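# Residue-level structure breakdown
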Amino acid sequence: MTDITVYRKIPDNVAAPTPARPRVLLIGTALACISAIMGLGSLVAFYAAVRQDVIQSGETWLPSGVTIPLTQPNMMMLTLWFSILIMVWATYSLGVDDRSNMHIALGLIVLMGFGYIAQTMFLLEIMNLGAASDSRASLIYAVIGAHVVYMAIAMLFVAFMGIRTLGGDYSARDREGIYAAAMFWYVGVFLYMIVWLAIYITK
Amino acid sequence: MALTETRPETQPAQAEALDGEAVPTTLIDGVFGSGDHKTIGRLWIGAGALMTLVALVVSLVSAIELIDLEAFAIFDDGDQLTQAWSLGRDLLLFGGLVPIFVGLATFIVPLQVGSPSIAFPRGASAAFWSWFVATDVLILSYLVNGGPAGGKLDFSILWVLALGTMVVSIGWALICIATTVLAARTTGMSLERVPAATWSFLVFSVIGLFALPILAAELVIAYLDLRYGFLPDKASRAGLVEIMNGVTAAPAVYWLGVPVLGIAVDAIGVHTGRPVRFHKPILAAIGVFGFMAFGADFFSFDFRGRMVAADNGMLVVALLAVMLPILATLALAGESMGKGKPKVTTPLAAGLLGGLLLLATAGVALAAVVDPIIGFIETLTGNDITVANKLEGTTFNEGIRAMMMGVGLLGAIAGVHHWGHKIWGYAPEDRLGLLTVLAAAGGTVLWGAGNVAAGFFDQLALPAANSNPDDILQITGIVSVVGVALLALSGVLLVLNILGAAAGRLNGVEPWTGATLEWATDSPPAPGNFPEMPIVASATPLADLAADKGDS
C-alpha cells in the first residue's frame, strides 16, 4: 500500500478544486430516464412501423368496432401538464423550507398519478379493445401499459422522496431527492406526450 | 469531496470505529447481503467466468455438429442444434463476457475514482442477484425445450422473460457504475483525469443504457408475438433467434470492445513502467469509438435481422470510420511501449492482442462493404458475390461476432490478471495466464476465420442453415471447431486461475503497481477503500507522489 498522505499537499500555485456536489441520486435517475426513453421510444417506433405496414396493405389500423375517444386522452394530457406546475410548487416549497406546502404538492402529484391510471383504465374499457382480441390490440396495450408502469414507478418515487423529506433527509440545503423525483416525473409527462400523439391522436 | 448517498451496508471497520465493537459477519450475510462493491464485483467476475466456460463448451458442441449438417451426429434435428448454438451465443454475451466487465467495473471503478463505495450499493447487489437468477432460468428454459427454437411455447416465453430480466439487471448495474464515475469522484478527480479503464467503463455503461432498452423493447414485442401470435410476416421462431442480432452484429457488437481498449491502455501504462502520455486524446478516441459502435447501429435501426448492409450509407461510413479511434488509441498508448520498458506479462499481452484483434475485426467487417475487396474475393472463389448484401444471412456475421467474443475474452483475461491481486489478494499465475492468452488469441482468429470464410462460400447461418455438401465448408467448419476449442481451453485456464487466486493458493505478493489511485490501497482494499479520501491533481496521482518524494 502506498502512503498517500504526502500527496495531499497541493502546490500553492494550484487553485483549490471546486468540491464536487453529491448528485448521485440525480445522475442515477437521469441515466434511468435515458433508458426509459429508449425503451418506450423503441416500443412506439415498432408500433408505428407495424401500423404503417398494416395501412399500406390496405387494411384499417384499428379493428372494426373499436373507437378511441379523445376526451380521456386530452384530459390525461391536461392533468399531467398541470402536474408539472404542481411539481414546480413542490420543489419551490422545499427551496424555502416550506415543508407543509411541499407535502401537499407531492400528495397532489400522487393523486394526479392515480387519476391518470384510473382514466387510462376507463379509456381502455370504453375503447372496446380486448388485450388478447387482436394482434394490434396487444401492441396498443403494450405501449400504453409500459407507460402506465413508468408512471406507477414515478408515483412510488415521488411518495418515497416525500417520506424521506418528512424524515429530514432533504431540505432547502439539499433538494436532490425531490429534484430527482421531479425529473423522473417530467420525463413521464414527456413520454405520455409521445404515447398521446402516436396512439390516441394518430390512431 | 464527493460522497455517495448511501454507504455500503457492511463496513465492519467503520462500525467498529463508531461503537468500539466489530460487527460479526457470516459467509451468508457477507455474500448474499453485502453492499460492498468488492464483494459484488467478485461475484460478477466469478459467475461470469463460469458462464463463459459453459457457453464456450456449448458453442464447441454446436460447432462440431455444424461441420457436417447432414449427419446430425450429436443432435436429433436442426431445432436442437439451433437451441445449443443460441444458448452458446446468449450465454457468452449476457451471461459471461458482459458480466465479467460489469464485475471488473464494479470492483475497480470506485477505487480508480477515489470513492469509498459504488453508487447505490444495494441496487448493485440486487442487480447481480437478479441477473444470476435470470441466467439460471435462461439455461433452464433451454433444458426444458424452451428457448427460441424450442417446442414448448410456455418455456419459450420463459426464455424471453429470463433474457429480458438479464438485460434489465445488467442495465441496472451499468447505472450504478456510470453514476459512480459521474458523481462519486474524489476531490480533484475531474472526468478528464479518470483512468482510461474507468473512462471506458463509463462509455460502455452509457452505450449499454442507450442500447439495451431497445433489446428489452424487442423482447416485449417477442413476448406479445409468442403469447398472441401476431406479426404474420415476422412471427416465426427464427424471428426470436434474430432478436439477438441487434446486439451481436457489427457495429453494435463493438460495444464489447470499448472496455477492452480501456483495460489495454491501463495495462500498457503499468507494464511498460511508463504511464501513457496522451491521456486526453486516448479518452477522446475511446469515446468516439463507443459513439461509432452505437451511433451507426442506431441510424441503421431495423427491428430484426440487422446485418452488415452495403446499401446503408451511414453504416458503411461508420464501419470505415470506426477503425480510426481504435488505431488512435493503440498508437497513442503505443508510445509507452516504445519508450518504456515493456514486460511480457499476461495483462499486457492480452490487452495488446485484444486491441489488435479488435482492429482486425473492424477491418474484416469492412470487407463486406468494400466492393473492390468483394470483387477480389469473387475472383478468388469463383462465386458471384458482387452485391455485398449477399453476405446477409450467411455465417459472415457469425465470424464477426465470434471475433468480438474472442476480443472480449482477451479483455476479460487482461482485466482479471491486471487487477487480480487487488481483487483477491492473491495474483493469478502469470505463466498460466500467458498460455490462456495464446489460446484465446488463436481461438479468436480461427473461430472468426472459419465462419467468415464459410460466409464467402454462401454458407447460411443458423437457423436457416440445413446442409453443407461442399468439402470446403467442412474445412471451414473444422477450422471453427479448433477455434472454439482453443477459446474453451482459455476459458478453463481462466477459471482455474481465478479459483486459485480466490482460494489464496497463488502469489500473495503484489506483482506490480501503477500510477492510478487503485494502487494506493491495500490488496484487497479495506472497507471504505481509503484510510483518508485522496485529493488528486492529475491523471497519474501516484506518479506525482513519487515525483514529489524525489524532489523532497
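Residues numbered from 1 in each chain as written. Chains lettered and ligands numbered in written order. Predicted model: local features only at pLDDT ≥ 70, side-chain atom pairs only at ≥ 80, totals over all residues. Heavy atoms only, no water.

### Quick notes on the overall build of chain A
Along the backbone of chain A there are 5 helices and 0 strands. Along chain A, from the amino end to the carboxyl end, the secondary structure elements read α-α-α-α-α. Across the 203 residues in chain A, those meeting the buried criterion constitute 45%. Put simply, 81% of the contacts in chain A that link residues at least 6 apart link residues at least 24 apart. (Helix = DSSP H or I, 4+ residues; strand = E, 2+ residues; numbered from the N terminus. Buried < 20%, exposed > 50% of the residue type's maximum accessible area, 1.4 Å probe, protein only. Contact = heavy atoms within 4.5 Å.)

### Details of empty space enclosed by the protein
Unfilled space is identified by rolling a water-sized probe across the atoms. All names here are of chain B. Enumeration according to the criterion identifies 4 cavities of 30 Å³ or more in this entry. Taken together, 23 residues make up the lining of the largest cavity; nearest its centre are Ala63, Leu66, Thr395, Asn451 and Ser480. If you list the elements that add at least two residues to the lining of the largest cavity, you get α3 (37-67), α16 (396-418), α18 (430-456) and α19 (471-502). Taken together, the residues of the lining of the largest cavity sort by class into 11 nonpolar, 10 polar and 2 charged. (1 Å grid on protein atoms, 1.4 Å probe; cavity = no way out; pocket = protein on both sides within 12 Å on 5 of 7 lines; lining within 4 Å. Points joined across faces, edges and corners; volume = space filled by probe spheres on them. Nonpolar A, V, L, I, M, F, W, Y, C, P; charged D, E, K, R; others polar.)

### Some thoughts on a nonpolar patch on the surface
Residues and elements named next belong to chain A. Residues Ile37, Met75, Leu78, Trp81, Phe190 and Met193 make up a contiguous nonpolar surface patch of about 540 Å² in total accessible area. For the nonpolar patch, the elements supplying multiple residues, two or more each, are α2 (71-95) and α5 (176-201). Here the element with the most residues in the nonpolar patch is α2; it accounts for 3 residues. One can find Phe190 in helix α5. (Patch = residues over 30% accessible without salt bridge, like charges linked within 9 Å, V, L, I, M, F, W, Y side chains within 5 Å. Areas by Shrake-Rupley, 256 points an atom, 1.4 Å probe, with all protein chains shown as cover. Salt bridge = Lys/Arg side-chain N within 4 Å of Asp/Glu carboxyl O.)

### Regarding the layout of surface pockets
Here the largest pocket defines a volume of roughly 1700 Å³. Around the largest pocket sit 49 residues that line it, and Ala32, Ile153 and Phe184 of chain A together with Val168 and Ile175 of chain B are the ones nearest its centre. Broken down by secondary-structure element, the contributors of at least two residues to the lining of the largest pocket are α1 (24-56), α4 (135-166) and α5 of chain A together with α5 (121-143), α6 (153-183) and α7 (196-228) of chain B. It is α4 of chain A that contributes the most residues to the lining of the largest pocket, 12 residues altogether.

### Some remarks on the confidence of the model for chain B
Residue and element names in this part refer to chain B. This prediction gives chain B a mean pLDDT of 83; 82% of its residues lie at or above 70. Segment residues 232-236: pLDDT under 50, and 6 contacts once partners within four positions in sequence are set aside and those in other chains are kept. Every residue in residues 299-308 scores below 50 in pLDDT, and together they form 40 contacts with partners more than four places removed in sequence or on other chains. (pLDDT = per-residue confidence, 0-100.)

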